[in-house]
Structure formats: structure tokens, C-alpha cells
Amino acid sequence: MSDNVEKYIKRKVHKGMSTKISQKFIDAGLEKIRACINCGTCTGSCPSGRRTAYRTRSAIRKALTGDESVLEDIDIWMCSTCYYCYERCPRDIPVTDMIIKLRNIAVEEGFILDSHFTLASDIFYATGHGVPANDPEAHKQWRALRESYGLPPLPPTVHSYPEAVKECQTLMNEVGFRALLDNAAKLKAKRKAEAEKIAKEKTEEEKK
Amino acid sequence: MTETKKEIIVTGKEKPRIGVYVCHCGINIAGVVDVVKLKDYALTLPDVVLAREYKFMCSDNGQSMIKEDIEAGLINRVVVAACSPRMHEPTFRLVCKEAGLNQFLFEQANIREHATWVNMYDPEGAYEIAKDHIRMSVAKARKLLPLEVQKVKVDPSCLIIGGGISGMNSALDLADEGYKVYLVERTPTIGGHMAQLDKTFPTMDCSACILTPKMVDVGRKEKIEIMTYSEVVDVSGYVGNFEVTIMKKPHYVDQEKCTACGSCAENCPITCGNEFDLGMGTRKAIYIPFPQAVPGEYTIDMEKCIKCGICAREDVCEPGAIKYDDKPEYVTVKVGTIIVATGWDLYDPTELGQYGYGRYPNVITGLQMERLLSSFGPVLGKPVRPSDLEAPHSIAFLQCVGSRNFREGGHSYCSRVCCMYATKQARQYKEKHPEAEVYIFYMDIRAFGKGYEEFYESAAENFGISYVRGRIAEVREGENHNIVIRAEDTLLQTPIELEVDLFVLSCGLEAKADADQVASLLSIQRSADGFFMEAHPKLKPVDTLTDGIFVAGVAQGPKDIPDAVAQAKGAASSAAALMAQGEVEIEPYYSVVIEHLCSGCRTCQSLCPFGAIDFDEFKKIAVVNPALCKGCGTCVSACPSGAMVQNHFANFQLNSIINVAVKQPTVENGGK
Amino acid sequence: MSEYKWRYAFFLGCVIPNRYPMIERSIRDVFEELGAEILDMPGASCCPAPGVFRAFHIPTWLVIAARNISIAEELGVSPLTGCNGCYGTLRDAWYDLEHNPEEKKHVNELLAKVGRQYKGNFEPKHVVQALYLDMGLDYLKDHIKHKFDDLKVGVHYGCHIVKPSDKRPWHGEYENPQFLDEIVEITGAKSIDYKDKYMCCGAGGAVRTAVKEVAADFTREKLVNMRDAGVDIIINCCPFCHLQLDLGQVEVNNFYKDIIGEPFKIPVIYITQLLGVAMGMDPNRLGLIKNHDLKGVSPFIPIDRFLDIVKEQII
Ligand SMILES: Cc1cc2nc3c(=O)[nH]c(=O)nc-3n(C[C@H](O)[C@H](O)[C@H](O)COP(=O)(O)OP(=O)(O)OC[C@H]3O[C@@H](n4cnc5c(N)ncnc54)[C@H](O)[C@@H]3O)c2cc1C
Ligand code: SF4
Ligand code: SF4
Ligand code: SF4
Ligand code: SF4
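Residues numbered from 1 in each chain as written. Chains lettered and ligands numbered in written order. Predicted model: local features only at pLDDT ≥ 70, side-chain atom pairs only at ≥ 80, totals over all residues. Heavy atoms only, no water.

Visitor: Tell me about the domain arrangement of chain A, and name the residues and values.
Guide: Residues and elements named next belong to chain A. According to the domain assignment, chain A consists of domain 1 (13-111) and domain 2 (112-208). Taking the mean C-alpha position of each, domain 1 and domain 2 sit 26 Å from one another. In this complex, domain 1 contributes seven residues to the contact, which on the side of domain 2 involves nine residues. Carbon and sulfur atoms make up 68% of the area that domain 1 and domain 2 hide from each other, which totals about 720 Å². There are zero salt bridges connecting domain 1 and domain 2. The interface formed by domain 1 and domain 2 contains two residue pairs in polar contact (both at pLDDT 80 or more). Residues that form the side of domain 1 that touches domain 2 fall into these classes: four nonpolar, one polar and two charged. (Domains from an automatic or database assignment. Contact = heavy atoms within 4.5 Å. Buried area = accessible area lost by both parts, 1.4 Å probe. Salt bridge = Lys/Arg side-chain N within 4 Å of Asp/Glu carboxyl O. Polar contact = N/O pair within 3.5 Å; in protein donor to acceptor, adjacent residues only side chain to side chain. Nonpolar A, V, L, I, M, F, W, Y, C, P; charged D, E, K, R; others polar.)

As C-alpha cells, then:
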């Protein structure tokens with residue numbers, strides 16, 4: 001088949017509402033999206049959609065029709081959680097919360113950006129802060145800045161209480177956060193290896 | 001076969017002989033449970049002498065089965081295990097009656113709605129529930145007593161509340177059939193909202209041209225007594241015999257003397273916003289709402305009047321009609337029937353802050369647009385936008401404002417007229433300004449009426465109106481008070497931004513703000529959408545659950561003029577049918593006082609919500625007026641002496657049900 | 001001791017203490033001056049951020065948020081936050097837990113493992129909420145010493161202080177709130193209306209971490225609109241918006257230099273910094289004079305212009 005034909009004849013099948021993935025959406029409490037009337041109020045309200053390829057309604061629609069590509073796309077990570085769509089949806093769907101749940105499923109399936117993974121694992125899990133100031137070298141100037149305002153170099157947060165960091169980590173382990181991240185890392189690595197393999201095969205084929 | 005049979009006398013003393021008839025209801029019941037087994041089960045119950053099952057008990061054949069068994073003297077009580085009594089209790093009662101058995105010796109077990117429908121996927125459970133229902137009905141049937149129906153006269157007169165197009169049509173039909181009509185209208189004129197419309201979809205007849213002659217007709221009919229500027233303040237009585245008190249608000253102008261010359265208004269120094277033009281036009285403190293108003297006499301708005309005395313001057317009002325000390329007047333009328341045709345209010349879009357109504361001058365409602373388009377409106381039918389009074393070059397309409405909105409404060413229903421009125425208004429504007437750009441933003445276009453789809457198609461094809469599928473997300477004010485719209489064109493899957501000169505909100509219709517008071521005044525119900533509730537959505541669309549009271553027009557739910565008029569004529573016909581009979585039967589479920597038990601404490605009297613209990617000062621006991629009693633049972637449960645008994649629902653009858661509800665009958669309590 | 005009219009547990013979050021300590025300073029000082037006692041919450045962690053960590057794993061977000069709230073509960077007062085993000089988390093978590101007994105039970109089972117308990121008996125509050133609803137405008141007015149009549153302010157609310165509106169104390173108002181403008185205007189400054197005033201800064205929802213250019217494009221649009229309206233300074237009530245509008249200005253000037261014309265340099269000031277100067281406090285201590293000894297620290301956009309405009313009034 002020539003490339004052109006493959007490009008222009010598309011036989012996409014609507015997956016219906018009973019696929020494994022749509023069941024997952026429902027288990028995650030996303031069934032409210034079935035009420036969506038595709039009015040576009042969410043997309044029209046979305047400050048992100050005005051500058052990116054992210055389309056709130058389309059993401060909701062894909063979730064509803066069991067289209068898994070919604071999890072892979074970086075699009076759903078373009079929502080700034082401004083909550084306009086949540087406020088205005090005429091079917092009273094808590095749209096932003098739905099996007100957040102979609103992201104939860106994406107992470108579960110290993111679709112998490114590198115930068116987000118680092119933030120979650122190396123910063124938040126490790127220090128208890130999302131924006132820390134305790135690195136002896138990298139954060140020196142921030143502690144100095146604190147002191148210049150008559151504040152102690154480290155705030156009275158987890159930074160001053162190492163046992164509180166442990167406490168947070170215990171909770172995160174118990175609630176399954178660590179396992180979730182580790183699994184995501186594994187899935188990510190597996191996918192990367194697969195992609196590399198395919199790329200390699202392709203170049204070899206081309207060489208032939 | 002149908003000649004009246006000799007009556008079967010049942011006093012309650014003789015042994016009950018019960019016939020149980022199990023209906024298949026096609027497969028509705030028989031498809032889920034074994035009806036033959038149910039029939040056999042019935043035969044095991046006390047006093048059941050025969051049991052049968054049949055495909056459709058309500059059919060001719062089914063009815064004859066019962067009739068024959070009664071006439072053959074086999075049974076003296078009937079239990080039908082079938083559907084809800086709401087539909088067929090009257091059917092089977094009539095069967096009993098025609099066979100000569102007192103119709104209250106009948107009991108219906110609802111094994112369809114209560115058992116087989118709700119437990120379709122659990123046949124065994126459904127079977128058990130069906131058994132329970134049959135057992136309970138048989139238990140009650142054993143205790144039933146014959147009762148006599150009451151008949152009351154129906155006064156051949158009708159009160160119609162609301163003088164819009166619906167109320168007017170009901171009034172005209174009833175008057176033509178010879179009934180006396182009292183047409184009570186709150187504002188100083190009849191006509192309702194239709195008077196505010198310019199043209200009407202889909203035929204584009206001029207609203208005034210078709211409405212005004214009707215208004216004049218109503219005004220002329222001898223049988224119709226118009227009471228404008230009036231409100232119903234009290235309703236008592238019951239079907240056929242309502243007593244209604246109406247307050248006529250003071251006009252401060254003698255309506256008999258006023259010749260509607262208008263000289264007073266010319267001279268009145270006070271100018272204020274005109275309600276009729278939604279604040280976009282003006283009137284004087286002494287006014288008629290609009291030129292074609294019926295009746296045409298003047299009224300003083302005392303909130304605005306400064307009592308300068310000018311209008312009362314002889315040279316101003318020659319007939320001397322001005323009456324500053326006018327007082328409200330109360331009149332009481334007796335009517336047999338009532339029609340509620342109170343219409344609607346427009347949804348107030350202020351709450352939807354994203355649309356800028358009330359904040360930006362160039363955002364208006366569809367009803368305001370209607371006035372702007374009206375040739376006798378504030379701008380004589382040449383629409384301009386509020387900020388600069390220039391004709392807009394571009395207009396966007398937004399559909400479903402306040403409607404199809406499941407959020408708090410919104411209405412979940414479709415308002416049914418706004419798709420068409422927006423299309424109409426867009427077309428009208430295009431007729432006047434073919435060069436203008438007109439957009440209609442919609443979720444779905446609902447063009448379901450006769451000629452509506454054609455009207456819609458032509459708006460797009462012949463008038464070039466742009467329909468954009470997407471609900472507008474937000475607007476803001478751009479330069480020059482223009483309105484900048486943000487939405488998704490859902491068919492292109494693209495967010496869009498569009499700047500227009502004028503933004504029209506196609507607001508929906510909602511229940512009147514005072515629907516609550518009207519409902520409690522008349523003891524009628526409202527449905528979840530706030531409108532008055534019909535007795536049955538399909539089969540009793542103009543009846544309310546209160547006998548003798550009917551509902552017409554938008555008061556019952558959003559509808560356009562054709563539907564409103566159709567329903568108004570239906571309501572008139574139903575009211576006439578009742579009045580034509582001259583009398584009605586009312587169910588004898590009233591309470592009765594066991595005289596020797598009543599201690600005369602009057603507890604019941606103070607609690608009865610229908611004022612049905614009098615006090616016999618001589619005997620010092622309570623007395624129930626059967627015609628007023630609605631059988632609510634409040635007095636029965638309140639009476640400390642146990643002196644109140646409610647017919648057909650007496651304690652011993654209800655107890656008989658409760659006794660078998662949870663246990664199988666045993667030999668001790670009379671089982672076979 | 002109890003000369004204080006109000007008591008709050010100060011939930012610092014991350015950005016305030018670790019990147020904009022002058023905001024921490026100004027909240028502590030202004031609240032003290034207004035008669036409100038500020039208690040520290042020992043061992044509090046990241047809230048955790050509502051659009052970030054909640055988006056990774058809702059249960060984690062909920063239990064860590066409950067832990068933070070429980071620290072305030074031990075102090076017997078409401079947690080007070082100066083950050084919209086922390087507010088979003090603490091308040092949504094509180095709301096969700098109070099409306100979902102099952103969830104609450106589960107969270108407490110987890111917390112029990114570290115010897116804590118969440119009760120839900122104290123409503124999480126925002127600094128602006130405390131100022132506007134607890135203290136009230138009239139009370140604040142009595143403390144104002146200087147009026148900045150020539151100051152034109154672009155007010156930026158941010159998102160989570162008003163939305164989701166069903167979980168916020170502003171009676172469902174989210175399209176056109178006025179409370180922050182009203183606080184700004186008691187200082188005599190004028191709040192200038194600008195296009196899309198209530199729009200998001202772009203940082204939230206993990207967008208900044210994902211693609212900085214996208215976040216900066218939101219910010220660019222806001223800055224253009226503010227500049228068109230002629231604002232002198234930006235006032236906000238969230239350190240993350242603050243960061244995005246301050247550091248983000250540098251990024252915008254860099255990423256979008258071809259389309260913005262003049263580079264932006266609009267001073268970004270937190271609401272208690274403005275209130276503090278108006279109440280006669282030392283602008284230096286409030287962080288309104290840049291510390292030039294330290295390199296690579298906030299603020300990234302010079303704030304001198306603000307002091308230039310108001311200096312006559314405060315001397
Ligand atoms: C902008 C707009 C355009 C429209 N255009 C069209 C169109 O082109 N074609 C079409 O078919 N339909 C149209 N409609 C719909 C049409 O207006 C309604 O179908 C019609 O008004 C229904 O009439 P009604 O008599 O039921 O109610 P109303 O017109 O509301 O009349 C009710 C009357 O009852 C009175 N009343 C209310 N409460 C009381 C009370 N308690 N006591 C005494 N009196 C009371 C009111 O004052 C009023 O006079 C339009 C609607 C809107 C909003
Ligand atoms: S606003 Fe609500 S109903 Fe409309 S498209 Fe978005 S999710 Fe669907
Ligand atoms: S919450 Fe997200 S999806 Fe919704 S409007 Fe805001 S940025 Fe868009
Ligand atoms: S008395 Fe009242 S109604 Fe008459 S002219 Fe004066 S203001 Fe007008
Ligand atoms: S008639 Fe049209 S505009 Fe009105 S509520 Fe229904 S769909 Fe919406």
C-alpha cells in the first residue's frame with residue numbers, strides 16, 4: 001500500500017463505551033462525563049485551548065469513547081486547572097476534576113512527563129516540599145534571602161523537622177504513591193525500549 | 001346484556017366470597033411471574049372462593065368474566081391483581097356496578113408496577129412480592145364495606161386566572177358554549193405576553209393583528225366578565241362549588257366614567273419606564289400599558305404619582321373620572337370550575353455573569369429584542385443597540401440561556417420557544433438589514449412544530465443567518481461597547497473569538513415568581529420544573545390533581561402560541577364537559593364522626609387543612625362536611641378519642657392489611 | 001496574652017518560605033499589626049499542590065493535605081495560607097472529606113499509622129479571606145496611614161481563591177469578584193480594569209513544570225492586557241502567581257521578545273506588602289526594596305518603580 005493511501009484512507013472504529021479503558025474511567029468516578037452534551041462551553045472557556053492543541057471537550061469525548069490516545073497525549077497536561085470549565089458546564093460536570101482523574105489514570109499507565117516524575121519522586125517524595133530550599137549548595141541564596149528578612153534560614157516546615165519528612169514518606173508508601181511512581185517508571189522504561197527497538201529495526205530495514 | 005341487573009345487597013354481615021382475577025398484562029406480568037401459580041396461591045387465601053387468570057383483564061372479555069361471576073352469585077367481593085389502580089380502578093368499579101355489586105367492594109393489587117416491572121431481572125423476588133400484594137388485597141377485601149357515592153351540583157360558571165392568549169381562548173370557547181366566565185387578570189389589560197411580540201413564527205403573522213381582534217372579542221362577549229388589575233385572594237369550596245374572592249386593585253380612575261381620551265396622560269408631569277417595553281420606552285404616571293389595551297381605561301401608578309392634581313383638573317379630565325381616594329374592592333363569585341392560565345416569566349440572565357447582562361449595555365434579552373423589533377415598540381421597529389442607538393451591523397444570539405442548564409439556578413428543561421423566536425428575530429433583522437451579519441450559537445436547534453424545520457432551513461439558506469454549533473463560554477466588552485464572544489465551534493473543534501455589535505440572550509420561559517402562592521391558594525401541585533402539574537402527562541394534560549381545576553398554556557409548561565391555544569381550548573372543553581353534566585360524583589372517602597366517642601375537643605377542626613369540619617354547638621361534637629373533606633386522614637390520626645373514622649380506610653381495614661403484610665395467614669387468623 | 005483578636009495557624013507551603021520570604025515577612029508583620037496572632041505549624045509539608053500532585057495521585061494528595069490540616073487542628077485554630085494553591089488543596093480536601101464520610105474514615109486509618117487524626121473542625125482560610133471576611137474592610141481602613149492616590153493597580157486574583165466556587169466562601173461569585181480590588185482600593189490606589197482580568201497566570205496545573213513556554217504564553221497575554229490598560233504595578237494574592245508574573249516576566253521577555261515590543265518590567269507586589277506600606281510599616285522589611293547583595297534571588301523584576309510613585313506619600 002502506498003504511503004498516500006495509508007494517509008488518506010482512515011478506518012477508525014468508534015470503540016463504544018464498553019472497552020476496558022472506559023470501564024477504568026467509570027471506576028475512577030468519571031461516569032458523570034456521560035452527561036456531556038458536547039456544547040463546547042469547556043473548550044470555549046479554556047485559556048489553555050486558546051494557545052495549545054488541548055481541547056477540553058475533545059479530551060472528555062475521547063475518555064467517553066474509550067480512546068486511549070487521550071492518556072498518551074501531552075494535551076491533558078496543558079490544563080492549568082483554572083476551573084472555568086468546571087464552573088460553566090451546563091451539565092454540571094466537574095470538568096476540571098475529570099481532567100485531573102484522567103491524569104491519574106495516565107500516570108497509572110505510565111504516561112508521566114520526565115519533569116513531572118522528577119518533581120514527584122526526587123523532590124516531593126524526598127523532601128516533603130514541592131519547591132525546597134534545603135540543598136546545601138543549590139539553595140544557599142534562598143536561605144540567605146530568608147535571613148535578610150529576619151527569618152530563620154529554614155522555615156518551621158518539614159525542612160526543620162526531619163522526622164516529619166519520614167512521616168510524610170510513610171503516608172505516601174501506605175497510600176501507594178511510591179509504588180505508583182515505581183510502576184510508572186517501569187512502564188515508561190519499557191515503552192522507551194520498545195520504541196528504540198522499532199526505530200532500530202526501521203533504520204536497519206532502510207539500510208538494506 | 002347490559003340491562004341493569006338486580007342489585008346484590010351486601011351489608012358486610014354475610015360471609016365474604018372473594019373472586020381473585022390475576023391479569024397477565026400481555027407479557028408485562030406473565031413474562032416475569034407464573035400467573036397460574038399466583039392464581040392457585042390466591043385460592044389458598046381465606047374467603048377466596050374462586051380465582052382466575054386472563055391475558056388482559058381490562059379487555060371486554062376480562063371484564064365479562066368478572067361480571068358473569070358476580071351475576072351468577074358466586075362472589076360478593078372482587079380483587080383484581082394487575083396494574084396500578086390509577087388507570088383501571090374506575091374500569092373495574094364500573095364492572096362491579098353494572099353487575100349490581102357495590103363498586104367499593106372492589107380492591108386492586110398492583111403486581112405490575114410494584115412487582116414485575118421493578119424486579120424484571122429477579123423473577124423469584126417478583127413472584128414473592130406479587131404474592132404479598134395479593135394476600136394484602138384479599139385481607140382488605142374481606143373487610144370492605146359498601147359505600148354510596150356523593151353527587152354534587154356543578155355551577156355553570158368558570159373562573160379563569162390570567163388573561164393571556166391562553167386564558168382568552170378558554171374564555172371565548174366557554175362563553176360561546178353558554179357558560180358564565182370571570183376572567184381575572186393582574187395587569188390593567190388582557191393580552192399577556194403575546195401583546196409584546198412583533199411577528200409570530202413560523203407564519204410571521206403580525207402578533208398584534210391576530211391578537212387585538214381576539215382581545216376586542218373577549219371585551220365584547222356578554223358572558224365574559226373581565227376583571228383586570230385584579231387578583232384572586234381566596235378560594236374555598238370544591239369541584240362544582242368554588243367560592244372565589246377577587247381583589248380589584250384601585251385604578252384611581254373611575255373606569256365607568258373614563259372615556260380613554262388620554263388627556264390626563266398628556267398633561268401628567270411624571271415620566272417613567274414602561275414595563276411593557278421592559279424599561280426601554282416610557283409612560284406617564286397615569287397610563288394605559290399600550291395603545292390597543294383592553295379595557296382601554298386609564299390607571300394611576302401610585303408609586304410614581306406625586307399627587308400634583310393636574311389630571312383631576314376639570315379642563316384635563318372632562319368626565320371627572322380621577323378618584324385619588326379609590327380603594328381596593330373585594331368581590332366574591334361562585335363558580336363550578338377554574339382554569340389557571342397564568343403564563344410565564346422570562347428567565348433573568350443576570351446570574352450568568354459570563355454573559356455580561358446588566359454589566360454591558362449591548363447585551364439584551366430576547367424579549368427586549370422583540371420590543372425593539374416591534375413596529376409599535378420604543379424604536380418603532382428599527383432596532384438599535386442601547387449604547388449608541390445605532391443599528392447594529394452584527395448580532396449574535398445565544399440559545400438556551402437559563403434552559404437545559406443543570407446547574408443550580410438554571411432550568412434543566414428545554415424552553416421550546418427560543419430556538420424559533422431567535423430564528424424569527426434574526427430573519428426579521430436580516431429583512432431590514434440584509435447586509436448585517438447575524439449569528440445564532442446553539443447546542444441543538446429544536447424546530448419540531450408544523451412548518452418549523454422549513455422556517456429554520458429558509459433562515460439559513462435564504463436569509464444567510466450563520467448557525468454556529470457551540471454554547472458561548474464567555475463574553476467581554478471590546479472597543480466601542482462591542483461584545484467579544486468566546487466559544488468553541490464544536491463542528492470545527494476550534495475555539496473562536498468573534499466581535500459583534502449586539503448580543504441577544506435567548507432566555508427561556510420559567511414559572512411565574514408567585515406560582516407557589518397560586519398553587520397553595522388553589523391546592524394544586526407543581527412539577528419539579530416549577531410549572532403547574534397536570535394530572536397525567538399523556539391522558540389528562542389539562543386537568544390538575546384537584547377536581548374541577550384545569551390548567552392551560554405556559555402555566556403548565558413552556559410552549560408556543562399554537563400549543564398554548566390548543567391546550568386552552570382543551571381546558572375549556574374539559575371544564576365544559578364537567579359543567580354540562582350538571583353534577584359530579586365525589587368519592588365517599590370522607591371521614592365520619594362516631595358521635596358517642598367524640599369528646600368535643602375540636603382538635604380535628606383546628607387541623608383540617610380543608611376546613612371540612614364544623615362543630616355542632618348543640619350536641620358538642622364535630623361534624624364532617626363530606627363535600628369538603630378530601631379524605632386526607634389528618635383528623636383520624638389526630639383524634640385523641642378515636643372518634644374519627646375514614647371511609648374505606650378505616651383502622652380495622654388498614655390493620656387487616658398490616659396483619660398479613662409480613663406473615664402468612666395461619667389457621668388462627670382465619671386461613672383455610 | 002490574649003490581646004489578640006484572631007489566631008491562625010500559618011500554613012507556609014513551599015513558594016512563600018523558600019522563594020519569596022518577603023511575602024512571609026509581610027503576612028506575619030501585617031497580621032501582628034492588625035491584632036492577629038500567627039502560630040507556626042511545625043513539620044508542615046507541601047500542601048500538596050492541587051494541580052500537580054493531585055493530578056498524579058488523588059489519594060496521596062488527600063492524605064498529605066489531611067495531615068497538614070491536622071497540625072493546625074492540634075493548635076486549635078484554622079490553618080491560614082497566603083497561597084491560592086495551598087488554599088485550593090486545604091479547602092478542597094477539607095470540603096471533600098467533610099462531604100464524604102467513607103473517605104474521611106479511610107484517611108484517618110492512614111493517619112493513625114503516623115499517630116495523627118484529622119477531624120475537620122477548622123475551616124482552612126486564605127490570607128485575603130481573613131482580611132476581608134474575618135476582619136472586614138472597615139477594620140482595615142482604620143489602620144491605613146498612607147494613601148496612594150496616583151497608583152494604578154492591575155489586580156490579579158488567580159484561580160483557586162475563587163474557584164471551584166462551591167467550595168469557596170464567596171457565595172458562588174467567580175465571574176466578577178471584587179473583594180481583592182476593594183482591599184487594594186482602601187489604600188487609595190485605583191484598581192484598573194483590564195482585559196481578561198480574571199484569567200489564569202498559566203503556572204498552575206503542572207503546566208509550568210511541563211512546558212514553560214505555554215505557561216509563559218498565558219503570562220504574556222496577561223501582561224499585554226495590563227500594559228494596555230496602563231497599570232503601574234501588579235497586586236496579587238498567591239506566591240505561585242507572583243512567581244509566574246515576576247520570574248515569568250523575564251521568561252516572556254526572553255521567549256516572546258519578537259512579539260511583545262518593549263520588554264516588560266511591571267513590579268509585582270503581594271497584597272500584604274502593599275497593605276503593610278499603607279499601614280506605615282518599613283518598606284525595606286516588607287521586601288519592597290531590593291537586596292542587591294544577593295544574586296539570583298527574587299524579586300526578578302525591579303520594584304523601584306512602585307516606591308517612586310508612592311515615596312511622596314510615605315515620607
Ligand atoms: C421573546 C419571545 C418571543 C416569542 N415569540 C413567539 C412566536 O413568535 N410565536 C409563538 O407561537 N410563540 C412565541 N413566544 C411564546 C409565547 O409568548 C407564549 O406561548 C405565550 O405568551 C403563552 O401565552 P399564555 O397565555 O400561556 O401566557 P402569558 O402570555 O404569560 O399570559 C399570562 C397572563 O396571566 C396574567 N397573570 C399571571 N399571573 C396572574 C395571577 N396570579 N392573577 C391574575 N393574572 C395573572 C399575566 O399578567 C398575563 O397577562 C415567544 C416568547 C418569547 C419569550
Ligand atoms: S461544558 Fe460540559 S457539557 Fe459542555 S462540552 Fe464541556 S463537559 Fe460537555
Ligand atoms: S480548568 Fe483546565 S480545561 Fe478547564 S478551562 Fe481551565 S485550563 Fe481549561
Ligand atoms: S396626579 Fe399623579 S397621575 Fe395625575 S397628573 Fe399628577 S402625577 Fe400624573
Ligand atoms: S428551544 Fe432551543 S434555545 Fe430554547 S431551550 Fe430549547 S434548545 Fe435551547
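There's more to say after this.
Visitor: Explain the domain arrangement of chain B residue by residue, including any values.
Guide: Domain boundaries assigned for chain B yield domain 1 (18-149), domain 2 (157-249 + 329-343 + 514-582), domain 3 (251-326), domain 4 (345-510) and domain 5 (591-647). Between the C-alpha centres of domain 1 of chain B and domain 2 of chain B the distance comes to 40 Å.

Visitor: Report on the pairing of strand β22 (residues 437-442) of chain B, specifying residues and quantitative values.
Guide: Residue and element names in this part refer to chain B. The buried fraction of β22 amounts to five of the six residues, a majority that puts the element mostly inside the structure. Direction of pairing for β22 relative to strand β23 (residues 466-469): parallel, over a ladder of four bridges. Bridged to Tyr439 within β23 is Ser466. The parallel pair β22 and β23, bridged by helix α11 (residues 452-461), forms a crossover whose chirality is right-handed. (Buried < 20%, exposed > 50% of the residue type's maximum accessible area, 1.4 Å probe, protein only. Helix = DSSP H or I, 4+ residues; strand = E, 2+ residues; numbered from the N terminus. Pairing = 2+ DSSP bridges. Right-handed = clockwise from strand over helix to strand, strands pointing away.)

Visitor: Which residues make up the interface of chain A and chain C, and what values go with them?
Guide: Opposite the 63 residues of chain A that make contact, chain C presents 77 residues. Both sides together, the interface formed by chain A and chain C hides about 5800 Å², and carbon and sulfur atoms give 65% of it. Inspection of the region where chain A meets chain C yields seven salt bridges. Here Arg67(C) ties to Glu167(A) by a salt bridge, and the two come within 2.8 Å at their closest N and O atoms. Looking at the side of chain A that touches chain C, the elements that each hand over two or more residues are α6 (84-88), α7 (95-108), α8 (114-127), α9 (140-148), α10 (162-174) and α11 (177-207) of chain A. Sort the elements by how many residues they give to the side of chain A that touches chain C and α10(A) lands first, with seven residues. In terms of residue class, the side of chain A that touches chain C is built from 35 nonpolar, 18 polar and 10 charged.

Visitor: A description of the packing of aromatic side chains should follow, citing residues and the corresponding values.
Guide: Inspection of every chain in the model, using the stated rule, returns 26 aromatic pairs over all chains. A ring pair is formed by Tyr157(C) and Phe179(C), whose centres lie 5.1 Å apart and whose planes are at 90°; its orientation type is edge-to-face. Of this pair, Tyr157(C) sits in the loop between β5 (152-156) and α9 (179-185) while Phe179(C) sits in helix α9; the two residues are 22 residues apart in sequence, bridging distant segments of the chain. There is no split in this pair, since Tyr157(C) and Phe179(C) are both buried. An angle of 10° between the planes, with centres 3.7 Å apart, marks the rings of Trp170(C) and Phe179(C) as stacked. Of the two residues, Trp170(C) and Phe179(C), both sit in the buried class. Put simply, the rings of Trp77(A), Phe124(A), Phe177(A), Phe53(C) and Phe56(C) pair up and form one aromatic cluster. Against the face of Trp61(C) rests Arg54(C), its NZ or CZ located 4.3 Å from the ring centre. (Phe/Tyr/Trp six-rings, centres within 6.5 Å; stacked < 30°, edge-to-face > 60°. Lys NZ or Arg CZ within 6 Å of the ring centre and 35° of its normal.)

Visitor: Run through the site of ligand 1, naming residues and quoting values.
Guide: All names here are of chain B. Near ligand 1 there are 37 residues, and of these Ser166, Glu185, His193, Lys424 and Ile561 occur at the shortest range. Glu185 has a polar side-chain atom sitting 2.6 Å from an oxygen atom of ligand 1. Between ligand 1 and the protein, one listed contact pairs an oxygen atom with a side-chain N or O atom of His193 at 2.7 Å. Protein contacts shield 97% of the accessible area of ligand 1, which totals 1000 Å² for the unbound molecule. Of all the secondary structure elements, the ones that give two or more residues to the shell around ligand 1 are α6 (165-176), β8 (199-200), β19 (344-346), α9 (366-373), α10 (418-432) and α13 (561-581). (Near = heavy atom within 4 Å. Areas by Shrake-Rupley, 256 points an atom, 1.4 Å probe, with all protein chains shown as cover.)

Visitor: So, the site of ligand 4: which residues are in play, and what are the values?
Guide: Around ligand 4 sit 13 residues, and of these Cys268(B), Cys305(B), Cys308(B), Cys311(B) and Tyr324(B) come closest. Of the residues assigned to the shell around ligand 4, the class counts are 11 nonpolar, one polar and one charged.

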